[in-house]
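# Results of the structural survey
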Amino acid sequence: MNSIAAAIAILLTQWVDVPLPNTPRTPDGKPNLTAPAPKTPDGRPDLTGIWRNPDGRYLNNVAVDGVQVPFQPWAAALYKERQENFSKDRPSGRCLPHGVPDAMLVPATPFKIIQTPPVTLILFENQGRYRQVFTDGRGLPGDAQPTWLGYSIGKWDGDSFVVDTIGFNDQTYLDDGGHPHSDAYHAVERFRRHDFGHMDMEITIDDPKAYTKPWSVTIHFVLFPDNELMESVCENEQDAKHMVGK
Amino acid sequence: MHFPGMIGVLLLGSFLSVGPTVRIASVHRFAIFLLPAGPPTPQWANLPLANTPRTADGKPNLTAPAARTADGKPDLSGVWRVATGKYLQNIAADVGEAPFQPAAAAVYKQRADALGKGRPSERCIPHGIPDAMLVRNSPFKIVQTPGVVVILYEEFNHYRQIFTDGRGFPPETSPSWFGYSIGKWEGDTLVVDTIGFNDQSWLDDPGHPHSEALRVTERFKRADFGHMNVQITFDDPKAYTKPWSAAIPFDLFADTELIESICENERDHGHMVGK
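Residues numbered from 1 in each chain as written. Chains lettered and ligands numbered in written order. Predicted model: local features only at pLDDT ≥ 70, side-chain atom pairs only at ≥ 80, totals over all residues. Heavy atoms only, no water.

## Considerations on the overall build of chain A
- Helix and strand content of chain A: 2 helices and 9 strands.
- Beginning at the N terminus, the succession of helices and strands in chain A can be written as α-β-α-β-β-β-β-β-β-β-β.
- Here chain A holds 246 residues, and 52% of them are scored as buried.
- Of the roughly 10800 Å² that chain A leaves accessible, carbon and sulfur atoms contribute 54%. (Helix = DSSP H or I, 4+ residues; strand = E, 2+ residues; numbered from the N terminus. Buried < 20%, exposed > 50% of the residue type's maximum accessible area, 1.4 Å probe, protein only. Areas by Shrake-Rupley, 256 points an atom, 1.4 Å probe, with all protein chains shown as cover.)

Below you can see the structure in the form of C-alpha cells.
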C-alpha cells in the first residue's frame, strides 16, 4: 500500500472500540500507555497486544533515520529502478504478501502479537496473513523452502525477544520504497516492550548477496489499545488498476 | 509430485490418495483441474514435537487423553486436518439435502452444474467457514490461549480469531469472509458462534450458498489426543428454511508444521475448466 492508499484506508477504516480487560488505566479510564509492561507467568515480558507504527515513518524508506545502506551494485540498481517507477510492481499491488519488516510498517493496518509458550503469532491485519515464531526449542530447518514470510524461531535475551528468520524468497520488498533482498536474507529482529504502550524492534538485515555488510534499523511501535484487528482481505488486483508508476 | 510435461484431468479424489506428506501446490478442487508441469511439491517437515504422547515405538499416541490447559479446559491446540473428503464435496452429506429456500436452491444448482467454477478461492480470495477446514491436503493449526483461540489456515496463509475473553458481538459487524467469532466452554466443548459474514463465501466446494444472515455455531470437542469432532450448525433463514448441521471428524496431523501456501494471484485461474 503506498502512502496515498494508506491515507485513504485511514479515512475509510473504523476500528471498533473494545475496552479490553487487563488494560491499565488512568483515573479518567483511558489506557495508561506508560504503565509497566505486562509479564507472562514465567516472568518474561508479554508482547501480546495490537501494535502499529503510527506515523508511517519507515514505510517508504526503512533506512529513513540516516542509515547508510551498504548496497551491492545490483541491489543499488534495482532500488534505483523501483524508486524511479514508484514501486509500482511491488508484490502487494497484486495481493501478494508484504515482507519482513514491510508488513509491520503500515500505520493503517495494525498487527497483533499473541505470545504463547511454544509459539508467538504475529497476525497482520493487512491481507489477513500471519507469521509464526517458534519458541519450542526447534532450530531452523536445514532446507527451508523459499517463502514470503520466512521461517522464524525466537529466544529470549534478557527482556528482548530475538527472532531469527531465514527461508525467504527474493520477491518481497523490505519497505514500500523497494529496498530489495535475495534468498540469502537473514533477518534478526529484537523486540523490546518498554512499557505497556511502547515497543521497539531493531531489525538487522543480513544478506551478503544484496548488501556488503549487515545493517540495522530500529522501528518504534505504539500499542493500539482497546481495539481489535479488522478483516482486510486483498481482493485480487482490485487496486492494481489504481497503481500509478512509470 | 512432479509430472514433467504432463497435462491430465484429475478430480479431487485422486489428490486425496497421494499420501499423507505430499500435496499439490495451489490445488483447485472439485472443478476439473488441468495439471501442467510444475515445480516439485513441498513436503511437510517431520518435526518431533514436545508434549506429544508416544507409543512404545516412539510414534505419536493418537488415542492418548486430550491435553488440558492450566485452567483445566481441553486444549485444542495442534495441527489438524479433516478425516474425510466427504464434506468438502457436500457439506450437507449428513442431512441428505440441505433445506434450501428456492433462490438458494437455484444458486446451488447453477454452481453445481458449472462444476463449482467461479468460486472465490479461484481468485485467491478466502475459502469460507467451514470450507477452509475441509481440505485434507490443507491442514490448519489451532493455537488456544486464555483470551483467544486462533485458527491458522495453511491455505492462503489466512487466520481466524475466536474471542474467549468474554466480549459479546459488536453492535455492528462489517460483512467479512470469516465473520466475527466468540467462543465459550460448555463442559469439554468449545462452542463458537459466528456472525458478520458477507454473502460471497461458499460453504463447500460445490457451492452451498449462504446470505449475510448466516449464523454458524461450531461445537469443537477433542475426543482424545489425535481426534476432534466439530458439529457445525448453519442458521440462515434467508437461504435455508431451517437450521441444519454437519458433524465433521478431524485427525491430528502429528509431528509436523504448517507450510506457507500463498495463492499467487490467478496463477492457476487459466487452468480451470468448467461450464
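## Structural notes on the confidence of the model for chain B
- Averaged over all residues, the pLDDT of chain B equals 83, while 80% of them reach at least 70.
- Predicted confidence for residues 1-42 of chain B stays below pLDDT 50, and this span has 95 contacts to residues more than four positions away or in other chains. (pLDDT = per-residue confidence, 0-100. Contact = heavy atoms within 4.5 Å.)

## Observations concerning the pattern of salt bridges
- In the structure shown here, the tally under the stated rule is 22 salt bridges over all chains.
- For A:Lys88, the salt bridge goes to A:Asp89, with nearest N and O atoms at 3.2 Å.
- Sharing partners across several salt bridges, the network here consists of A:Lys112, A:Glu228, B:Asp165 and B:Arg167. (Salt bridge = Lys/Arg side-chain N within 4 Å of Asp/Glu carboxyl O.)

## As for unusual backbone geometry
- In the segment running from A:Val100 into A:Pro101, the intervening peptide bond is cis, with an omega of 5°.
- Along the chain, A:Pro101 turns up in the loop between α2 (73-84) and β2 (111-115).
- A cis amide bond links B:Ile129 to the next residue, B:Pro130, at an omega of 10°.
- Mapped onto the secondary structure, B:Pro130 falls in the loop between α3 (102-113) and β4 (140-144).
- Despite not being glycine, A:Phe86 has its phi angle at roughly 60°, a positive value.
- Looking at the element boundaries, A:Phe86 is found in the loop between α2 and β2.

## A short note on the interface of chain B and chain A
- Every contact between the two is made by 35 residues of chain B and, on the other side, 35 residues of chain A.
- Of the roughly 2700 Å² buried between chain B and chain A on both sides combined, carbon and sulfur atoms contribute 55%.
- Taking the shortest distance from any N to any O, the salt bridge between A:Arg138 and B:Glu257 comes out at 3.3 Å.
- When contributions to the side of chain B that touches chain A are tallied by element, the ones reaching two or more residues are β4, β5 (148-153) and β6 (159-163) of chain B.
- When residues of the side of chain B that touches chain A are assigned to their parent elements, the largest contribution, 4 residues, is made by β5(B).
- Split into classes, the residues belonging to the side of chain B that touches chain A amount to 19 nonpolar, 7 polar and 9 charged. (Buried area = accessible area lost by both parts, 1.4 Å probe. Nonpolar A, V, L, I, M, F, W, Y, C, P; charged D, E, K, R; others polar.)

## Here's the deal with the pairing of strand β5 (residues 151-157) of chain A
Residues and elements named next belong to chain A.
- With 2 bridges connecting them, strand β4 (residues 130-134) and β5 associate as parallel partners. Bridge assignment links Phe134 to a residue of β5, and that residue is Ile153.
- Of the pairings in the sheet, the one linking β5 to strand β6 (residues 160-166) comprises 7 bridges and is antiparallel in character. Bridge pairing links Lys155 to Val162 in β6.
- Here β5 folds back onto β6 in antiparallel fashion, the turn holding 2 residues, of which Gly158 has a positive phi close to 60°. (Pairing = 2+ DSSP bridges.)

## Comments concerning the sheet that holds β4(B)
Residue and element names in this part refer to chain B.
- The strand order β3-β4-β5-β6-β7-β8-β9-β10-β11 describes a closed barrel built from 9 strands, whose pairing is mixed. The sheet shows a mean angle of 30° between the axes of neighbouring strands, direction not considered.
- As paired strands, strand β3 (residues 78-82) and β4 are joined by 3 bridges and run antiparallel to one another. Among the inter-strand pairings, Trp80 is bridged to a residue of β4, identified as Phe140. (Axes fitted to C-alpha atoms, helices over the stretch in contact; angles between N-to-C directions.)

## Brief notes about the packing of aromatic side chains
- Tallied over the full model, the rule gives 14 aromatic pairs over all chains.
- Seen in terms of ring centroids, A:Phe168 and A:Tyr185 are 4.5 Å apart; in terms of plane orientation they differ by 25°. Their pairing is stacked. Highlighted residues: A:Phe168 in the loop between β6 and β7 (186-195) and A:Tyr185 in the loop between β6 and β7, separated in sequence by 17 residues. The pair formed by A:Phe168 and A:Tyr185 is uniform in burial state, with each residue classed as buried.
- For the ring pair B:Phe163 and B:Tyr180, a centre distance of 5.3 Å and an interplane angle of 40° mean the geometry is tilted. Separated by 17 residues along the polypeptide, B:Phe163 in strand β6 and B:Tyr180 in strand β7 (residues 180-186) bring together distant segments of the chain.
- We classify B:Phe163 as buried; its relative accessible area is 4%.
- Three or more aromatic residues joined by ring pairs form one cluster here, namely B:Phe100, B:Tyr108, B:Phe234, B:Tyr240 and B:Trp244.
- It is A:Arg138 that lies over the ring of A:Phe134; its NZ or CZ is 3.7 Å from the centre. (Phe/Tyr/Trp six-rings, centres within 6.5 Å; stacked < 30°, edge-to-face > 60°. Lys NZ or Arg CZ within 6 Å of the ring centre and 35° of its normal.)

## Side note on the state of the cysteines
- According to the stated counting rule, one finds 2 disulfides over all chains in the structure shown.
- A disulfide bridge connects A:Cys95 with A:Cys234, and the sulfur atoms are separated by 2.2 Å. Torsion about the S-S bond of the A:Cys95 and A:Cys234 cystine: about -75°, corresponding to left-handed handedness. Here A:Cys95 is found in the loop between α2 and β2, whereas its partner A:Cys234 is found in the segment after β9 (215-223), with 139 residues between them in sequence.
- The class of A:Cys95 is buried, set by a relative accessible area of 9%.
- Shown here is the disulfide that connects B:Cys124 with B:Cys263, its sulfur atoms set 2.2 Å apart. Here the S-S torsion is close to -70°, and the disulfide linking B:Cys124 with B:Cys263 is therefore left-handed. Here the residue B:Cys124 occupies a position in the loop between α3 and β4, and B:Cys263 occupies one in the loop between β11 (244-252) and β12 (272-273), the gap between them amounting to 139 residues. (Disulfide = S-S within 2.5 Å.)

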